[in-house]
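# Understanding the architecture of this molecule
In case you want the letters, here they are:
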Amino acid sequence: MSKSSSKNIAQILIEALPYIQRFSGKTIVIKYGGNAMIDTTLKNSFARDMVLMKLVGINPVIVHGGGPQIGKLLQQIGKQSEFVDGMRVTDSETMDVVEMVLGGLVNKEIVNLINRHGAGGAVGLTGKDGDLIRARKLTVKRNDPGMNATEIIDIGHVGEVVSINSAVVDMLVQGNFIPVIAPIGVGEDGQSYNINADLVAGKLAEVLQAEKLILLTNTPGLLDKNDNVLSGLETKQVNELIADGTIFGGMLPKIRCALEAANNGVETVHIIDGRVEHAALLELFTDRGVGTLIRG
């Protein structure tokens, strides 16, 4: 190894040290989705990141999505995917597929990857386990100018979080495990509900009073109108960006979830580029990071 290479590696390790000291013993909730869940190299780099975090004393709690995988299986069985305002219309048959894919195939793949790279410390859950996520049916409303009335659209088994019972997560974290959670909740009627993974991650971070909420996305972070990454934002600035149309479309639900978490006890929220290898480590342990940081 050359002298310059040795110096660079040493500098990286020294740069990481104060962050490791600061976050040791803290809980960090990570929403895992996008390309990071599809590309083999990125999947393995994410798994190694989680193992390293745990080994240096940080407590990662993972909430994952799985939209593309659900869509693929629905296509294989000849069922058309329908969306309303970006949310999958989920009838009883589709809900069965959602539970099978999220709670089974995707969840266990993530658990297996982390365990292969570590010491068998990942445990998979859905919101049904330990009564973790209580949900209710999500009501979708649209204004109908023609009828001068509000139209209520039934999108089936799509839910929102009513409450989170963190006891099972606390038990796993204290037992030195990494919880891997599929965003499926259960209603008072015993029905299963498919819930947006960003929303579950945000609510879970609030309940756990996490140090950080990290949302892995397919963008470099929040972008201004010239496609420059914005960082170090406070909630007032983010609200201004929403008001002037800089933040719009599919990023809005993610941002609203981030703002709610940041204003309800989560120290910082990070929206980072999951297409970058080891993005979570770079955001946590380096001075520059790889995305947008939002404070309450």
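Just so we're clear, the structure is a prediction, and the values are computed from it rather than from any experiment.

### With respect to unusual backbone geometry
Phi is positive for D131, close to 55°, though the residue is something other than glycine. Take D131: it is sitting in the loop between β5 (122-126) and β6 (133-137). For D131, a relative accessible area of 33% corresponds to the partly exposed category. Notably, Q209 is not glycine yet its phi reads approximately 50°, a positive angle. For Q209, the location among the structural elements is in the loop between α6 (197-208) and β13 (212-217).

### Topic: helix α3 (residues 67-76)
Working note: α-helix, 3.6 residues per turn, so residues spaced by three or four point in the same direction. When we look at burial in α3, the residues that qualify are I70, G71, L73 and L74. With its buried residues spanning 165° around the axis, α3 presents them on a single face. Among the exposed residues of α3, those pointing more than 90 degrees away from its buried face are P68, K72, Q75 and Q76. Of the surrounding secondary structure, the elements contacted by the buried residues of α3 are β4 (87-88) and α4 (92-117). Where α3 ends, the next residue or the one after it, G78, has phi of about 80°, a positive value.

### Regarding the nonpolar core
Soluble globular proteins tend to pack their nonpolar side chains together in the buried interior. Residues V29, L213, L222 and V269 are the most contacted members of the largest nonpolar core, which totals 43 residues. The leading source of residues in this core is helix α8 (residues 251-262), at 8 residues. What L213 contacts, discounting residues up to four positions off in sequence, is V29, A201, G202, A205, C257, A261, V266, T268, V269 and H270. Counting residues in each nonpolar core, the second largest holds 41 residues, with V180, A182, A279 and F285 among its members.

### Remarks on the packing of helix α7 (residues 235-243) against α8
Interhelical geometry of α7 versus α8 gives an angle of 160° and a closest axis separation of 11 Å. With respect to their mutual orientation, α7 and α8 come out roughly antiparallel. Judged by the sense of rotation from one axis to the other, the crossing of α7 with α8 is left-handed. For the pair α7 and α8, the contacting residues are T235, V238, N239 and I242 in the first and L252, I255, R256 and L259 in the second. Looking at the contact of α7 with α8, its residues break down into 5 nonpolar, 2 polar and 1 charged.

### Considerations on the pattern of salt bridges
In the structure shown here, the tally under the stated rule is 11 salt bridges. Linking K137 and D154 is a salt bridge whose minimum nitrogen-to-oxygen distance equals 2.8 Å. Within this pair, whereas K137 is found in strand β6, its partner D154 is found in the loop between β8 (149-153) and β9 (159-164), the two being separated by 17 residues in sequence. By relative accessible area, D154 is classed as exposed at 56%. Between R275 and D273 there is a salt bridge, with the nearest N and O atoms lying 2.9 Å from each other. The class of D273 is buried, set by a relative accessible area of 7%. If you follow the salt bridges from partner to partner, you end up with K31, D198 and K254 in one network.

### Brief notes about the packing of aromatic side chains
Taken as a whole and assessed by the stated rule, the structure comprises 2 aromatic pairs. Relative to F23, the ring of Y19 has its centre 6.5 Å away and its plane inclined at 25°; by these criteria the two rings are stacked. Taken together, the residues span about one helical turn, with Y19 and F23 both in helix α1 (residues 3-23) at a distance of 4 residues. Taken as a pair, Y19 and F23 share a single burial class, namely buried. On the basis of an interplanar angle of 5° and a centroid distance of 3.8 Å, the ring pair of Y32 and F46 is categorised as stacked. Within this pair, whereas Y32 is found in strand β1 (residues 27-32), its partner F46 is found in helix α2 (residues 40-55), the two being separated by 14 residues in sequence.

### With respect to the packing of α6 against α8
Relative placement of two packed helices is described by the angle separating their axes and the distance separating the axes. Axis separation between α6 and α8 bottoms out at 9 Å; the angle between their running directions is 5°. Taken together, the axes of α6 and α8 lie roughly parallel to each other. Between α6 and α8, the contacting residues are D198, L199, G202, K203 and E206 on the first element and K254, C257, E260 and A261 on the second. Partitioned by chemical class, the residues of the contact of α6 with α8 number 3 nonpolar, 1 polar and 5 charged.

### Things to note about the pairing of strand β17 (residues 268-273)
Of all 6 residues making up β17, 6 are buried, and the element is well covered by its neighbours. Pairing analysis gives 6 bridges linking β13 to β17, with the strands arranged parallel. Within β17, the residue paired with T217 across the bridge is D273.

Scoring rules and cut-offs
- Residues numbered from 1 in each chain as written.
- Predicted model: local features only at pLDDT ≥ 70, side-chain atom pairs only at ≥ 80, totals over all residues.
- Heavy atoms only, no water.
- Helix = DSSP H or I, 4+ residues; strand = E, 2+ residues; numbered from the N terminus.
- Buried < 20%, exposed > 50% of the residue type's maximum accessible area, 1.4 Å probe, protein only.
- Arc of directions from axis to C-beta.
- Contact = heavy atoms within 4.5 Å.
- Core = buried A, V, L, I, M, F, W, Y, C linked by side-chain atoms within 4.5 Å.
- Axes fitted to C-alpha atoms, helices over the stretch in contact; angles between N-to-C directions.
- Parallel < 35°, antiparallel > 145°, perpendicular 65-115°, else oblique.
- Left-handed = near helix turned anticlockwise from the far one by under 90°.
- Nonpolar A, V, L, I, M, F, W, Y, C, P; charged D, E, K, R; others polar.
- Salt bridge = Lys/Arg side-chain N within 4 Å of Asp/Glu carboxyl O.
- Phe/Tyr/Trp six-rings, centres within 6.5 Å; stacked < 30°, edge-to-face > 60°.
- Pairing = 2+ DSSP bridges.

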